[in-house]
Amino acid sequence: MSLEVFWGLTLIAALALGFALVHGLRAFRWPSRAEAVARVDAALPGRPIAAVRDTQAIGTGDAASTAVWNAHLARMRKATEGAKTVQPDLRVSDRDPYGLRYTALLFFVVALLFGSVLRIGSVTEIAQNGGGNALATGPVWEGWVTPPAYTGKPTLYLNDIPPGPLSVPLGSTITLRLYGEVGALTVAETVSGRVTDIPPASEPEQTFDVTRSGRIAIDGPNGAAWELAILPDALPEVSLVAPVESDAMGEMQQAFAASDDYGVERGTATIALNLGAVDRAFGLTVDPDPIEPIVLDLPMPFGGDRADFDEMLIENLSQHPLANLPVTLTLSVTDAAGQTVTTPAEPMTLPGRRFFQPIARAIVEQRRDLMWSQANARRIVQVLRAISYEPEGLFTNQTTYLRLRVIIRQLDNFDRFGMTEENETEVVQALWDLAIQLEDGTLADARERLKRAQERLAEAMRNGATDEEIAELMQELREATQDYMQMLADQMDPSESGADEPQTSENSMEMSQDELQALMDRIEELMQEGRMAEAQALMEQLNALLENMRITQGDGSGDGPQTPGQQSMQDLADTLREQQDLSDDAFRDLQQQGQQGQQGQQSQQGQQSQGQQQGQNGPGQDGQDQNGEGQGQEQADGSGAGDGQSLAQRQQSLRDELSRQRGALPGLPGDAGDLARRSLDRAEGAMDGAEQALRNGDTAEAIDRQADAMDALRNGMRAIGEALAENQQQEPGQGNAEGDQTGQVQPSRRDPLGRQLGSTGQYGTDENLLQGEDVYRRAEELLGEIRRRSAEQARPQVERDYLDRLLDRF
């Protein structure tokens, strides 16, 4: 510090001290004796000093009052004997809210520790030695090399590195500081590549980045020089580890590996149409509309090292226009330095969901053609009309048929008057939803579901299927078979449980649940091995067995009267059956109206072909459609009015019967009972809506409401069954008395695992399954095996979902 600056700061400090002193003296006021006494009195309880000075205001002529006052004064005088000097309040926190006084104290302590007061001896020694080795003479410098953060390398201190060759990563930052007289030291470098904004060589502080190999030199006393070499930053690498895989639902799984010397920052997968490999047939013969490539972000490890890793790209692109078409897959990754590497285009077929139901498969194909090109719209309308020409043998659900007709009408209008991208998106989504409903939709009963599962499996045998698809179809067949057998058991008359067995025992065979399961396992095994002919033969045997199956029970299982819960289940099953028959009648009525409309359209088309003006084709057709619809409405209101009224009356009777059944329900415990009551409430509301729609002549709306009612009835029956099962488990004694009074095990009844039922008559077994093994050890082993299998990503999703449900339950 120069002498002028030192004396200037000293003067400022003296002036500040004088100002503070004067201000403090002027603000200081010596307290008076009265203020001092009041301060002491305030510190005593009850202020006794002030009380002693008080005089009696009233009651001076009363001896008793005077005695009380004197006693009070005596106590106050005694209290004053404990008076002490009040300690001053030295706290200044209210005047220094930021704690600056501690900062001043810190500066003072640091000055004492590192200033000349305690180090005067060392300063004297330096002066006596004339410098010596204690203090470096002349200008000095410091330097640091900071590699990029993504490299993870530490900062280098140049003063500790001897001059010579030095290797640093590309993009490292070099910082140099020059101390001493300006110009004594200068910097010369050729590693930054700067051509503009170059600071003077003698700048005290300089910072620049290393962009190439070169030389750094600090010229002057105690200077140094280094030859810098760039450490190579290798390009990232990425490759496909295995061919693309997919499950039955069309979920794509592509394994890949990526690596980089410092770590991969990000990556993408680009899927583009391979037009040259497309089979240009049917709807693909026209030139496609522009289809943007699919760009997916590659999954990166959330934790750990990104220098070398394997990952799995999982996506479901079943609804994309490129699904099930030839495409090319290109992977690209980028490291932190911005270097990008792209793999060669890998040809493949983009996985998508496969449909086995014929109508669903045809609809999905037309959906693909529409996304391929809007020029296919007219052809798609014609194909869909041909598909739905005779719906009786193709559509098992009237709702799906009506949805298809609506889609055809929308697409026809869009094709005539122009189709926008929004219109195309709407139709494409509607076709996909319809195909899903046809493929996986809820069917009327277990028999139809079993038939559907058999047809899908037979279709897979003819067209070929992957192991995952086979596993899914077989699981669907198992569930449908179980539901079908349960339906047979529910519909069996208790009085017929064993009446005909003596007459048919010679010509019949008995098959348990485990034997039936073994037969289906064998079919799945043959399909996976590619032995489709043998699998088809076994499948035909299985179908014949199921067609002629008859559920039998042991003696005495159905002799007793039905419980209230069983009677409610029987009544609800009858209501569901009648609701299904009513819905079928409504659907046939709607078909008759549609056929009348088609006849009107054909008549209109014949008139147009005889020479009507072409400019009025669109409006004329619309007018004829309206005329046809009007005729249908007239049919509903005229000759069909009686039928419509009959359907409405039947619907009202069903609703009244359901209301009676709801009132007769037994007390159902737990959440299952609440769910059952809510489901029956929804069913009754849907029936009421169907009744109103039938009275208004809106048959399509009535069919939709009837479908909702049937769904709610099924849910309610399922919940009632669960509630009854819970009630039976809570009261085992009662169930034993009603269901099995003899206490004997019924040898012909088995649980779903093929084991004989226990003596209580409930599902379960009295058999020892572990044969003397440690129960807890075996349970731990089974739980560990379930956890291991549920963590294997290669297993089918259906199996992993089942294992997760087991873990949630146990």
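None of these values were measured; they are calculated from a predicted model.

1. Here we look at the overall build of the protein chain
Working step 1: The helix and strand inventory of the protein chain stands at 23 helices and 17 strands.
Working step 2: Within the span of the protein chain, comprising 810 residues, buried residues form 33% of the whole.
Working step 3: In the protein chain, of all internal contacts separated by at least 6 residues, the share reaching a separation of at least 24 is 66%.
Working step 4: Looking at the protein chain as shown, the accessible area adds up to about 48200 Å², and 52% of this sits on carbon and sulfur atoms.

2. Let's talk about the sheet that holds strand β1 (residues 140-146)
Working step 1: Overall, antiparallel pairing links the 4 strands, which are arranged β2-β1-β4-β6 in an open sheet. Two strands bound the open sheet, and with one partner strand each, they are β2 (156-157) and β6 (205-209).
Working step 2: Two elements, β1 and β2, share 2 bridges in a ladder whose sense is antiparallel. Among the inter-strand pairings, V145 is bridged to a residue of β2, identified as L156.

3. Quick look at the sheet that holds strand β7 (residues 214-219)
Working step 1: With mixed pairing, the 4 strands of this open sheet are ordered in space as β3-β8-β7-β5. Each edge of the open sheet carries a strand with a single partner, namely β3 (164-169) and β5 (186-189). For this sheet, the mean inter-axis angle between neighbouring strands, taken without regard to orientation, is 25°.
Working step 2: Two elements, β3 and strand β8 (residues 224-231), share 6 bridges in a ladder whose sense is parallel. If you follow L166 over to β8, its bridge partner there is L228.

4. Some details on the nonpolar core
Working step 1: Ranked by internal contacts, the top residues of the largest apolar core, which has 59 residues, are I363, L384, L411 and L713.
Working step 2: Sorting the residues of this core by element identifies α7 (358-372), α8 (377-387), α9 (398-417), α10 (421-440), α16 (564-609), α18 (641-663), α19 (670-695) and α20 (699-730) as the ones contributing at least two each.
Working step 3: Counting residues per element, this core draws most heavily on α20, at 10 residues.
Working step 4: Excluding residues that lie within four positions of it along the chain, L713 makes contacts with L572, T575, L576, L658, L680, A683 and M687.
Working step 5: I523, M527, A535 and L538 belong to the second largest nonpolar core, which has 24 residues in total.

5. What to know about the side chain of D335
Working step 1: The topology assignment puts D335 in strand β15 (residues 326-335).
Working step 2: Buried and without a salt bridge, D335 has R266 as its closest oppositely charged side chain, separated by 7.7 Å.
Working step 3: Within polar-contact distance, the side chain of D335 engages the backbone nitrogen of Q339 at 2.8 Å.
Working step 4: Excluding residues that lie within four positions of it along the chain, D335 makes contacts with D233, A234, P236, D260, G263 and E265.

6. Digging into α8
Working step 1: Those residues of α8 that sit buried are A377, I380, V381, L384 and I387. Relative to the axis of α8, the buried residues are bounded by an arc of 125° and lie together on one face.
Working step 2: Close packing links the buried residues of α8 with α7, α9 and α10.

7. Things to note about the pairing of strand β13 (residues 294-297)
Working step 1: Residues I294 and L296 of β13 are buried on one face, while the alternating residues V295 and D297, pointing to the opposite face, are not.
Working step 2: When strand β12 (residues 264-273) meets β13, the two strands line up antiparallel, connected through 4 bridges. Counted as the bridge partner of I271 is I294 from β13.

8. Description of the pattern of salt bridges
Pairing between side chains of opposite charge can happen when their charged atoms approach one another.
Working step 1: The tally for this structure, following the rule as stated, stands at 32 salt bridges.
Working step 2: The salt bridge involving R29 is made with E35; its shortest N-O contact spans 3.5 Å.
Working step 3: The salt bridge involving R280 is made with D287; its shortest N-O contact spans 3.6 Å.
Working step 4: Given the relative accessible area of 62%, D287 is considered exposed.
Working step 5: Put simply, R378, R385, D412, D415 and R416 are held in one network by salt bridges that share partners.

9. Here's the deal with the confidence of the model for the protein chain
Working step 1: On average, residues of the protein chain score 78 in pLDDT, and 77% of them are at 70 or above.
Working step 2: Counting interchain partners and residues more than four positions distant, the pLDDT-below-50 stretch residues 553-560 has 13 contacts.

10. Describing the side chain of S332
Working step 1: Among the structural elements, S332 can be located in strand β15.
Working step 2: In this structure the side chain of S332 is engaged in a polar contact, spanning 2.8 Å, whose partner is the side chain of T268.
Working step 3: Sequence-distant contacts of S332, that is, excluding residues within four places in its chain, are made with R266, G267, T268, L298, T340, V341 and T342.

11. Examining the packing of aromatic side chains
Working step 1: Scanning all chains against the criterion turns up 7 aromatic pairs.
Working step 2: Measuring from centroid to centroid gives 5.6 Å for F355 and W432, while their planes differ by 90°, and the two rings are edge-to-face. Of this pair, F355 sits in the loop between β17 (346-349) and α7 while W432 sits in helix α10, and the two are 77 residues apart along the sequence.
Working step 3: The class for F355 is buried, based on a relative accessible area of 7%.
Working step 4: Judged by centre distance (6.1 Å) and plane angle (80°), the rings of Y401 and F587 are edge-to-face. On the criterion of sequence distance, the pair formed by Y401 in helix α9 and F587 in helix α16 is long-range, its members being 186 residues apart. Accessibility classification places Y401 together with F587 in one group, the buried group.

12. Comments concerning the environment of G418
Working step 1: If you trace the backbone, G418 turns up in the loop between α9 and α10.
Working step 2: When the C-alpha atoms of G418 and Q374 are compared, they prove to be 9.9 Å apart, with 44 residues separating the residues in sequence.
Working step 3: Setting aside chain neighbours within four positions, we find G418 in contact with N413 and N423.

13. Some points on the packing of α7 against α8
Working step 1: Direction vectors running N to C along α7 and α8 enclose 170°, while the axes themselves pass 10 Å from each other. By the angle between their axes, α7 is roughly antiparallel relative to α8. Of the residues in α8, those in contact with I359, A362, I363, Q366, D369 and L370 of α7 are R379, I380, V383, L384 and I387.

14. Thoughts on the packing of α7 against α10
Working step 1: Running from amino to carboxyl end, α7 crosses α10 at an angle of 165°, the nearest separation of the two axes being 9 Å. As the angle between them shows, α7 and α10 are arranged roughly antiparallel. Handedness of the crossing formed by α7 with α10: left-handed. On α10, the residues that touch I359, A360, I363, V364, R367, L370 and M371 of α7 are E424, V427, V428, L431, W432, L434, A435, L438 and E439.
Working step 2: In the contact of α7 with α10, the residues fall into 13 nonpolar, no polar and 3 charged.

Basis of the calculations
Residues numbered from 1 in each chain as written. Predicted model: local features only at pLDDT ≥ 70, side-chain atom pairs only at ≥ 80, totals over all residues. Heavy atoms only, no water. Helix = DSSP H or I, 4+ residues; strand = E, 2+ residues; numbered from the N terminus. Buried < 20%, exposed > 50% of the residue type's maximum accessible area, 1.4 Å probe, protein only. Contact = heavy atoms within 4.5 Å. Areas by Shrake-Rupley, 256 points an atom, 1.4 Å probe, with all protein chains shown as cover. Pairing = 2+ DSSP bridges. Axes fitted to C-alpha atoms, helices over the stretch in contact; angles between N-to-C directions. Core = buried A, V, L, I, M, F, W, Y, C linked by side-chain atoms within 4.5 Å. Lys, Arg positive; Asp, Glu negative; His and termini not counted. Salt bridge = Lys/Arg side-chain N within 4 Å of Asp/Glu carboxyl O. Polar contact = N/O pair within 3.5 Å; in protein donor to acceptor, adjacent residues only side chain to side chain. Arc of directions from axis to C-beta. pLDDT = per-residue confidence, 0-100. Phe/Tyr/Trp six-rings, centres within 6.5 Å; stacked < 30°, edge-to-face > 60°. Parallel < 35°, antiparallel > 145°, perpendicular 65-115°, else oblique. Left-handed = near helix turned anticlockwise from the far one by under 90°. Nonpolar A, V, L, I, M, F, W, Y, C, P; charged D, E, K, R; others polar.

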